[in-house]
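This is what each chain is made of:
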Amino acid sequence: MMDFSGLLLLLVVFTDFWVLGTTRMSSVIRAAAIQGAILAALPLALHPGLSLHMVGLAIGTFAIKALLLPAFLHRAIREASVRREVEPVIGFTASLCIGAVAVALSFAVAQRLPLPEAQTALLVPVALATVIVGLIVLTTRSKALTQVVGYLILENGIYVFGLTQAERVPFLVEIGVLLDVFVGVFIMGIVVFHINREFDSLSSAKLTELKD
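Residues numbered from 1 in each chain as written. Predicted model: local features only at pLDDT ≥ 70, side-chain atom pairs only at ≥ 80, totals over all residues. Heavy atoms only, no water.

A closer look at the packing of aromatic side chains
Here is the rule: Stacked, tilted and edge-to-face are the three classes applied to pairs of Phe, Tyr and Trp rings, where Trp contributes its six-membered ring and a pair requires centres within 6.5 Å; stacked means planes under 30 degrees apart, edge-to-face means over 60, and tilted covers the rest. Helix numbering and strand numbering both begin at the N terminus, where a helix is a DSSP run of H or I of at least 4 residues and a strand a DSSP run of E of at least 2. Burial status follows relative accessibility: with a 1.4 Å probe on protein chains alone, a residue under 20% of its type maximum counts as buried, one over 50% as exposed, and anything between as partly exposed.
Applying the stated criterion across every chain yields a total of one aromatic pair. Between the aromatic rings of Phe14 and Trp18, the centroid separation amounts to 6.3 Å while the plane-to-plane angle is 50°, which identifies the pairing as tilted. Taken as a pair, Phe14 and Trp18 lie in helix H1 (residues 4-21) at a separation of four residues, close to a single helical turn. Residue classification places Trp18 among the partly exposed positions, given a relative accessible area of 24%.

Rendered as structure tokens:
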């Protein structure tokens with residue numbers, strides 16, 4: 001029977017496919033927020049002892065990944081009046097197919113990596129799959145806001161991989177990583193704002209028109 005942590009990791013994969021398959025910007029951000037909430041619960045599921053370290057990590061993750069960053073992105077799409085990703089480099093059906101291949105490869109590769117024993121066999125494959133999905137979104141979507149979500153998904157995969165060492169990594173280092181993500185998305189939001197103000201569009205292709 002699958003344990004609770006395994007169920008959470010499968011939900012992470014589900015939200016990965018949700019991001020790959022939807023055209024609506026609000027739905028993409030909602031999927032990222034739900035994934036953030038799932039990741040907040042994951043340390044507690046993997047380490048049920050409820051240590052101060054794990055509780056603090058869960059609270060910090062939930063506050064940044066499930067509340068602050070999604071709220072920031074929702075405000076950005078309201079300000080920019082953009083609702084859909086309409087011209088991706090790779091179509092949504094093709095993206096879902098690539099995502100499925102990425103999940104399969106992640107499970108195959110994870111079995112061959114000389115990694116420390118994880119609390120659940122799904123932890124490393126899901127981490128690798130989420131990193132790849134983040135890269136797919138980051139490189140195949142034309143809207144800058146969707147690319148920001150791709151960056152978040154990619155970092156979520158790194159976060160999941162880091163949970164294999166959660167008991168060994170100092171608490172301040174983990175909080176520092178979360179703050180780095182927040183700062184990175186904040187800077188991206190400023191870039192998005194200036195793209196929209198200068199070009200009346202959120203397509204990152206417009207960056208090629210910037211001149212001194």
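Looking at the confidence of the model for the protein chain
Here is the rule: Confidence scores labelled pLDDT are given residue by residue by the predictor and lie between 0 and 100.
Within the protein chain, residue pLDDT values average 79, and 72% of them lie at 70 or more. Mean pLDDT values over the elements of the protein chain span from 61, in helix H7 (residues 171-199), up to 93, in H1.

A short note on the environment of Thr140
Just so we agree on the cut-off: Pairs of residues are marked as contacts when any of their non-hydrogen atoms sit within 4.5 Å. Polar contact is the term for a pair of N or O atoms within 3.5 Å; when the atoms are in protein, one must be able to donate a hydrogen and the other to accept it, and sequence-neighboring residues count only if both atoms are side-chain atoms.
Relative to the helices and strands, Thr140 resides in helix H5 (residues 123-140). For the pair Thr140 and Val89, spaced 51 residues apart in sequence, the C-alpha separation works out to 4.8 Å. Once residues lying within four places of it in the same chain are set aside, the contact partners of Thr140 are Pro88, Val89, Ile90 and Ser95. There is a polar contact of 2.5 Å between the side chain of Thr140 and the backbone oxygen of Ile136. Side chain to side chain, Thr140 and Arg141 meet in a polar contact 3.0 Å long.

Brief notes about the environment of Gly99
Mapped onto the elements of the fold, Gly99 is located in helix H4 (residues 92-110). Residue Gly99 is classed as buried on the basis of its relative accessible area of 0%. It is 7.0 Å that separates the C-alpha atoms of Gly99 and Phe17, two residues lying 82 residues apart in sequence.

A closer look at the nonpolar core
Our working definition: Working definition of a nonpolar core: buried Ala, Val, Leu, Ile, Met, Phe, Trp, Tyr and Cys residues. They are joined through side-chain atoms within 4.5 Å.
In this structure, Val19, Leu73, Leu145 and Val149 are the most contacted members of the largest nonpolar core, which totals 20 residues. Breaking this core down by element, the ones donating at least two residues are H1, helix H2 (25-46), helix H3 (52-80), H5 and helix H6 (144-162). Beyond its immediate sequence surroundings of up to four residues, Val19 is in contact with Val28, Ala31, Val137, Arg141, Val149 and Ile153. Core analysis: the second largest hydrophobic core is formed by 18 residues, Val13, Leu46, Val103 and Ala127 among them.

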